[in-house]
Protein chains: 4
Amino acid sequence: MDPACLLTHPMTRQDPARALAARYEQVRQQTRILAEPLSPEDCQIQSMPDCSPVKWHLAHTTWFFETFILSRFQPDRPAFHPQYRMLFNSYYNTIGARHPRPQRGLLSRPPLDDIWRYRNVIDEAMRRLFIRMAGTDPVFDQLVELGLNHEQQHQELILTDIKHALSLNPLQPPYMPHRDAAAGTSAPPGWVRYEGGRTRIGHQTSGFAFDNESPAHDVLLPPFYLADRLVTQGEYLEFIRDGGYRRPDLWLSLGWDRVCAEQWRAPLYWEGQKDDWQIYTLHGLRPLEPQAPVAHVSYFEADAYARWARVRLPREAEWEHAAQQMPSDHNLAANLLESGHLRPIAASAVPAGGNPAQLFGDAWEWTCSAYDAYPGYAPPAGAVGEYNGKFMCNQYVLRGGSCVTPASHIRPSYRNFFPPEARWQFSGIRLSRDV
Amino acid sequence: MDPACLLTHPMTRQDPARALAARYEQVRQQTRILAEPLSPEDCQIQSMPDCSPVKWHLAHTTWFFETFILSRFQPDRPAFHPQYRMLFNSYYNTIGARHPRPQRGLLSRPPLDDIWRYRNVIDEAMRRLFIRMAGTDPVFDQLVELGLNHEQQHQELILTDIKHALSLNPLQPPYMPHRDAAAGTSAPPGWVRYEGGRTRIGHQTSGFAFDNESPAHDVLLPPFYLADRLVTQGEYLEFIRDGGYRRPDLWLSLGWDRVCAEQWRAPLYWEGQKDDWQIYTLHGLRPLEPQAPVAHVSYFEADAYARWARVRLPREAEWEHAAQQMPSDHNLAANLLESGHLRPIAASAVPAGGNPAQLFGDAWEWTCSAYDAYPGYAPPAGAVGEYNGKFMCNQYVLRGGSCVTPASHIRPSYRNFFPPEARWQFSGIRLSRDV
Amino acid sequence: MDPACLLTHPMTRQDPARALAARYEQVRQQTRILAEPLSPEDCQIQSMPDCSPVKWHLAHTTWFFETFILSRFQPDRPAFHPQYRMLFNSYYNTIGARHPRPQRGLLSRPPLDDIWRYRNVIDEAMRRLFIRMAGTDPVFDQLVELGLNHEQQHQELILTDIKHALSLNPLQPPYMPHRDAAAGTSAPPGWVRYEGGRTRIGHQTSGFAFDNESPAHDVLLPPFYLADRLVTQGEYLEFIRDGGYRRPDLWLSLGWDRVCAEQWRAPLYWEGQKDDWQIYTLHGLRPLEPQAPVAHVSYFEADAYARWARVRLPREAEWEHAAQQMPSDHNLAANLLESGHLRPIAASAVPAGGNPAQLFGDAWEWTCSAYDAYPGYAPPAGAVGEYNGKFMCNQYVLRGGSCVTPASHIRPSYRNFFPPEARWQFSGIRLSRDV
Amino acid sequence: MDPACLLTHPMTRQDPARALAARYEQVRQQTRILAEPLSPEDCQIQSMPDCSPVKWHLAHTTWFFETFILSRFQPDRPAFHPQYRMLFNSYYNTIGARHPRPQRGLLSRPPLDDIWRYRNVIDEAMRRLFIRMAGTDPVFDQLVELGLNHEQQHQELILTDIKHALSLNPLQPPYMPHRDAAAGTSAPPGWVRYEGGRTRIGHQTSGFAFDNESPAHDVLLPPFYLADRLVTQGEYLEFIRDGGYRRPDLWLSLGWDRVCAEQWRAPLYWEGQKDDWQIYTLHGLRPLEPQAPVAHVSYFEADAYARWARVRLPREAEWEHAAQQMPSDHNLAANLLESGHLRPIAASAVPAGGNPAQLFGDAWEWTCSAYDAYPGYAPPAGAVGEYNGKFMCNQYVLRGGSCVTPASHIRPSYRNFFPPEARWQFSGIRLSRDV
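Residues numbered from 1 in each chain as written. Chains lettered and ligands numbered in written order. Predicted model: local features only at pLDDT ≥ 70, side-chain atom pairs only at ≥ 80, totals over all residues.

**With respect to the overall build of chain A**
Inference 1: Within chain A one finds 10 helices and 12 strands.
Inference 2: Looking at chain A residue by residue over its 435 residues, the buried ones come to 47%.
Inference 3: Taking contacts inside chain A between residues at least 6 apart in sequence as the whole, the part at least 24 apart equals 78%. (Helix = DSSP H or I, 4+ residues; strand = E, 2+ residues; numbered from the N terminus. Buried ≥ 20, exposed ≤ 12 C-beta atoms within 10 Å, placed from the backbone. Contact = placed C-beta atoms within 7 Å.)

**Quick word on the domain arrangement of chain A**
All names here are of chain A.
Inference 1: Each domain of chain A was delimited in the assignment, giving domain 1 (4-167) and domain 2 (191-434).
Inference 2: If you look at the interface, domain 1 gives 23 residues, while domain 2 gives 21 residues.
Inference 3: In terms of residue count, helix H6 (residues 138-167) provides more of the side of domain 1 that touches domain 2 than any other element does, 11 residues in total.
Inference 4: Grouping the amino acids of the side of domain 1 that touches domain 2 by side-chain chemistry returns nine nonpolar, 10 polar and four charged. (Domains from an automatic or database assignment. Nonpolar A, V, L, I, M, F, W, Y, C, P; charged D, E, K, R; others polar.)

**Focus: the relation of the copies chain A and chain C**
Inference 1: Turning chain A through 180 degrees and shifting it by 0.1 Å along the axis lays it on chain C, with an RMSD of 0.0 Å. Such values leave the two copies arranged in the relation of a two-fold axis. Relative to the rotation axis, the C-alpha of glutamate 41 of chain A is the closest in chain A, positioned 2.7 Å from it.
Inference 2: Looking at the interface residues of chain A, 100% of them are also at the interface in chain C, so both copies use one shared face. (Least-squares fit on C-alpha atoms with pLDDT ≥ 70 in both.)

**Considering the sheet that holds strand E11 (residues 427-428) of chain B**
Residue and element names in this part refer to chain B.
Inference 1: Strand order in the open sheet formed by four strands is E10-E9-E8-E11, with mixed pairing between adjacent strands. At either end of the open sheet lies a strand with only one pairing partner, and these are strand E10 (416-418) and E11.
Inference 2: As paired strands, strand E9 (residues 396-399) and E10 are joined by three bridges and run antiparallel to one another. Looking at the pairing, valine 397 lines up with phenylalanine 417 of E10. (Pairing = 2+ DSSP bridges.)

**Side note on the sheet that holds strand E10 (residues 416-418) of chain C**
Either a parallel or an antiparallel arrangement is found when strands of a sheet pair, and the pairing is made through backbone hydrogen bonds.
Inference 1: Strand order in the open sheet made by the four strands is E10-E9-E8-E11 (chain C), with mixed pairing throughout. Of all the strands in the sheet, the pair left with one neighbour each is E10 and strand E11 (427-428) of chain C.

**Comments concerning the relation of the copies chain D and chain B**
Inference 1: By a simple turn and slide, chain D fits onto chain B: the slide is 0.1 Å along the axis, the RMSD is 0.1 Å, and the turn is 180 degrees.
Inference 2: A shared interface surface links the copies, since 100% of the contact residues of chain D are contact residues in chain B too.

**Description of the pairing of strand E8 (residues 364-370) of chain A**
Residues and elements named next belong to chain A.
Inference 1: Buried residues dominate E8, accounting for seven of its seven residues.
Inference 2: Taking every second residue as pointing to the same face, both faces of E8 are buried, with Trp364, Trp366, Cys368 and Ala370 on one and Glu365, Thr367 and Ser369 on the other.
Inference 3: Note that E8 and strand E11 (residues 427-428) share two bridges and pair parallel. What sits directly across from tryptophan 364, in E11, is serine 427.
Inference 4: By the bridge criterion, three bridges tie E8 to strand E9 (residues 396-399) in an arrangement that is antiparallel. Directly across from glutamate 365, in E9, lies its bridge partner arginine 399.

**Some points on helix H2 (residues 16-35) of chain D**
All names here are of chain D.
Inference 1: The end-to-end C-alpha distance of H2, which contains 20 residues, comes to 29 Å, matching closely the 28 Å that a straight helix rising 1.5 Å per residue would cover.
Inference 2: Looking only at H2, the buried set comprises Leu20, Tyr24, Val27, Arg28, Gln30, Thr31 and Leu34. Seen along its axis, H2 keeps its buried residues to an arc of 150 degrees; they face one direction. (Expected span 1.5 Å × (residues − 1). Arc of directions from axis to C-beta.)

**Details of helix H3 (residues 54-73) of chain C**
Residues and elements named next belong to chain C.
Inference 1: Its 20 residues place the ends of H3 28 Å apart at the C-alpha level, agreeing with the 28 Å of an ideal helix rising 1.5 Å per residue.
Inference 2: Of all bends in H3, the biggest is about 30 degrees, found at glutamate 66.
Inference 3: By the criterion of burial, H3 is predominantly enclosed, with 16 of the 20 residues buried. (Bend = angle between axes of the 7 residues up to and from the residue.)

**Section: the environment of threonine 67 of chain B**
Inference 1: For threonine 67 of chain B, the location among the structural elements is in helix H3 (residues 54-73).
Inference 2: Among all residues touching threonine 67 of chain B, those that are not within four sequence positions of it are Arg85 and Ile95 of chain B.

**With respect to the packing of helix H3 (residues 54-73) of chain D against helix H6 (residues 138-167) of chain D**
Residues and elements named next belong to chain D.
Inference 1: At a minimum axis distance of 9 Å, the contact between H3 and H6 shows a crossing angle of 170 degrees. Classified by the angle between their axes, H3 and H6 sit roughly antiparallel to one another. Along its contact with H3, which presents Val54, His57, His60, Thr61, Phe64, Phe65, Phe68, Ile69 and Phe73, the element H6 presents Phe140, Leu143, Val144, Gly147, His150, Glu151, His154, Leu157, Ile158 and Ile162. (Axes fitted to C-alpha atoms, helices over the stretch in contact; angles between N-to-C directions. Parallel < 35°, antiparallel > 145°, perpendicular 65-115°, else oblique.)

**A short note on unusual backbone geometry**
Inference 1: Between serine 214 of chain A and the following residue, proline 215 of chain A, the backbone shows a cis peptide bond with an omega angle of -10 degrees.
Inference 2: Tracing the backbone through its elements, the reader meets proline 215 of chain A in the loop between strand E2 (197-201) and strand E3 (217-221).
Inference 3: In the Ramachandran plot, tyrosine 269 of chain A falls in the positive-phi region, its phi being about 80 degrees despite a non-glycine side chain.
Inference 4: Among the residues examined, tyrosine 269 of chain A registers 19 C-beta atoms within 10 Å and is labelled partly exposed.
Inference 5: With a phi angle near 60 degrees, histidine 296 of chain C is a residue other than glycine that sits in the positive phi range.
Inference 6: Counting through the fold element by element, histidine 296 of chain C comes out in the loop between strand E7 (284-287) and helix H9 (299-308).
Inference 7: Residue class for histidine 296 of chain C comes out buried when judged on the 25 C-beta atoms lying within 10 Å of it.

Shown next, in the form of structure tokens:
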């Protein structure tokens, strides 16, 4: 079965309860498809504390449904395994003890087979619960929706984490075979002008959104320009050739410390030097593609590149303001990145009518906005309240979505966030400048 | 000579050139006064990489005038010492090599006497330059003003750094003898309401301001409340007694990591336990004063305290908006903190007419705003451009000014900033809440 | 098939060439048997840099035969895989690049199946080589013997390393089911007296020995006593109860640093406190057995225990001198330790005729001798010369052999060695004292 | 006063009690002389945890007399300062709490003047005690002798530690002015043959010795050769030029790790490259002297050099055996090293009659012997028992004495010891080889 056909799942317009149950099946199956190319040993490994083993992702997303939904609506149901509650808790202090994150890669037991069985058992219990709960309790619907969005986030992490792990293997094994990508562009970027003013950002629809996207609120924006596409590998190579990694004046102070300490001289996964670069991808080692977007850069690198180009990174409100004005058929990825193959192309890469293309789906776009609470924000009560708020410190917001982000998971108000030194996500650069 | 009499220096209304020269003398002499209670050995020590030896502060502030002013307006003048350019460069990559920050405490040579001689020689050269340049070049005036404000920042650091160093000495020596402080308050805090709306923040006067206070720009503020005084030691003690340092749900995730790793259980400089706390101050070890403001808390602690109190920290724009509405006679410190003695009391501690007191001069107040660039911000060209911009990452803004901040250095638009784990500054807590 | 039946393999008295080939089969099969209870995921994990994944042990021991024997005597033979030379090189700089040791646990590829195939292919090639080389070249015989002893060392490491890895799993899975052990003793230890004098130690037979056991040489020994059995868990518990882990006067300075830094309060794998201890074993979690030998103690702990008991640890020459005087039927393990079940009991645990029992096969015995070169020692030329000499620094010699040491691998002159903080080996304590 | 005239102090042949008192005066005054060229700030600094500030050495050596002698023989005497007992305790757990070693450089209080006063007061008390105790109690005499030898050890550390601290100052200040050194030799080293056999080593005279030099005992030595001089800077330069720091086959495994981690490419204090080396000395930066002994090498470097030269380092018993056969007029240093100027030349540098010269007084000589207890060794009871025994782990013995070792402190049985990575002592290389 081709993994591509499942990442997008146009929501069937049936009755809401059946639609939710159907969506549950789709999302859960998609996770399974993503794990198919991997051996039990692949699913076991953890290459750094920020990453988790695929097996752990498979279990943790299941744990979420068992812990937050089954335990609540079916309190008499015995736990699948008495210790899974602790083993597969990610960071919920409210839930109790948890297994230390850096040691997730040591859990050879339970074996992968047990985790698949765990998934099946929980799925079966959820199916019965869907029937019983259908349309009776909005909290149930909301928690299921949260669990599915949570699992979609982990689908993306499965791919970013296994990419990082496999990249450290000297055999440089591909996650999946290569197929040709659509061509990119070598034309210089165009600048789309926005007049700013008072504008409303945040979650404003009836669809699902995480708590950190609310409350919607007004902001004042000065006029600004936004580039109509992402910075390409070829453009980034110019930055390298111009001594970008050797000039402290281009960097934030913490960024320069990092460049020196880790001896960065190119984005993560770039190997080689000068005019002979290769890039490790989910399809194995591939030659640099000058017209494809650059990815796997940290905030520090995105910021330094922008300073070198004498412009800047966009604020998150600017980005969202622009995204709100995109026609809906631009709302999908331009498939220029390595992993675009993971799903079909749904939108043209050519900017039309002065709008930026590629706002979604090639690479996450670093903004210069620190990740914080919107005015009036309050986390939900209980354990799910630990979802977002407690991470609002020393992280930057990324917008858009990458080639490994499930398409249905992407929306203009979505706020992704990572520390400024993170590079293992598919994170790229869109430029902005003042008028 | 009493140190107190120099920290405030009402600008004499003479002609501007003479006024600047007079201000130079005042600021430079104040630095000397601050170092007077200290031995050569006290001036030598460096207790952590974030701190610098007093001797280094004395030399570096002088280096600033020599490097950025004398070298520019008197290019033929030989350097005082060929290696001081490197030894006392703080972080200006543009200026060239620098001595590694963590090793500043190892520079037993040059001895303190040489540094005093260095100061005298540079002061003499500056005096001659004042006469020659009087009123001829606005750039000269601006650079002098920058140098003086820079030195005032280091006056504050001299006190915070020597406090930290002396506190680690088991003999717990005082920096200066104790005198009785004005009494504080045990009344619950009042809440002052602000209606918000579109308001202008940033540098809007003709006085000096750092680059990071510009450009002035409009922001939208929802209505909010601001507490009319700082959180007291007695109130903070309640937080401790209620298990504040043992409840992860009260903390940011990075904050909780820090609590565990460094075993925090009270603010920096608090010693003891339960109901028997003593606090190391510039006057030596002193009993806790329940009605005085709490200080030396990190952003993490300020944030956790606010969450415990079911309110929040103010945004920096809210704070500045409130400060703009203060009558001018409230513009000085309420002298409740240990070091209030360093300068005379210039304002009542009693909130009058629904305005918050103590906005300036007791303790720096953590805001929940990450330190970033105002829209349209551009750092100055050249080496002085390294002053602020490159530190705009993973830091939080503090507003107000503390008991060791020179009074003339305080203004509503001033933006101080430190990483969220920093505790060795006189940093306290003012609460805010949504309407 | 029972693993136990293969760990001892009385060398059949056939012609030497056939005997060597038969021994090759035995040793290689024994390794396979040890891996049988483990899943591919178990074989993948690496719990600390000192340990290696079982998969890596399986590959590395095979690499040894391919690299040092097949490549030499069959130079035209293509490598099994071009990158295995680098992937499975442990520490031989002469051989070229190697994969970083702490990252061995990340090699999910090649999968375990490939490694089994690798072993089969190399075994087949070795079989053909045995026929061709039979009795023609003593260097060939020596290298095979070295390779087999090398593999036996790794058989032991397979068990110590998987024990460490599984112990960190909160599920505490057993490596194999439990069977009852022979009872130990609660009698106080007896002291066997040796008169010392001029005695010869080191490799003095025609059998195999590692280079570090040569040259045999004379040493002078003062008279001494050696305990007739190992320190038991019950005796060690007395040390703990008497504050052994809280009294710095009992410890070497570096040992006390380690106790404080890692908060040791019992041997590795002991869980619980006071009078309720359990011990993680290869059979899972088991109650403490007061009469069984204590194991998994560091040199620091062995040394502190001896100081507490007002005696000392033996020198390695004393130990070897005593071992030379043991009747041969005492040459095998007393099977008191958890894993004694891995092989049949071959010797009585009862000391007979004033000789110490248990000199071999329960736990490695720390000596107080730093690991160094015997007078006149010279490492072999070439890559195999990197086997021992370069590790002669900051390690201590252990003698005897443990319950997971292959019986045929044990001999009086054998010198095992580990850093003084190592605890994951089956290392125990035999006491000694001056006359 | 010339520092040189006091480092040697031929013991006057007066009555023993007066002789001991006189020796006390000599040793204490010599310490004062060593500190004379240093400012209070120089005496304050601590460049790494292994080093201590000079001020601390001055206080700690005084603390030793107050704690172990005055407190014992004059129990009613009040302590000089109640907290000095803790502040200047080095590592005696028996004595109670101590100030953390890495923070010694932060003790700006007590100031240097107080420490001088401390020394004077204790000296005065000791003088009175000498009169009262004269010849009455051998324990008193032994403790005084221990205290004086202890202070002599710290005299050496004062120089090695201040050298390290000043070397990190970019101004590279000299400790004292330079004077010309005696010329060395460029002749190849000669080899002196020893027949070995049964020989007695350890403390065998009536003079003072540390506990670790006892008991004297017999050892068996095979015949061996010892070089008749130390390895020179010129010879060591050949090792560097031949890629000595780039060839892992020359190094112990831990040594190679250290070379890579710290990027060693020459001895400590060597600056420059290829054919242009300068060396930081107590007289400031000086050109390399090809014929002078190399110093400031670690055990790892000494061992690697010996391997490169296809010989080895001597065992400590070999060294002592050779030293016992030296005519007494060879018992002093050859003054070839930088700091030889610190005392007059007392012996010829020319080997006479087949004996090695320079066995004492140029540089400490690394032996290949791990530092351990002699057979039958037992540390003294009480706190002084913490002097040596607890450090017998992961250190190597050095023999001889260096140009900064007090001459009266040197004897054939003296055992100095440092970890194999230590380089800040004046440690050099004498070669040995098997017959």
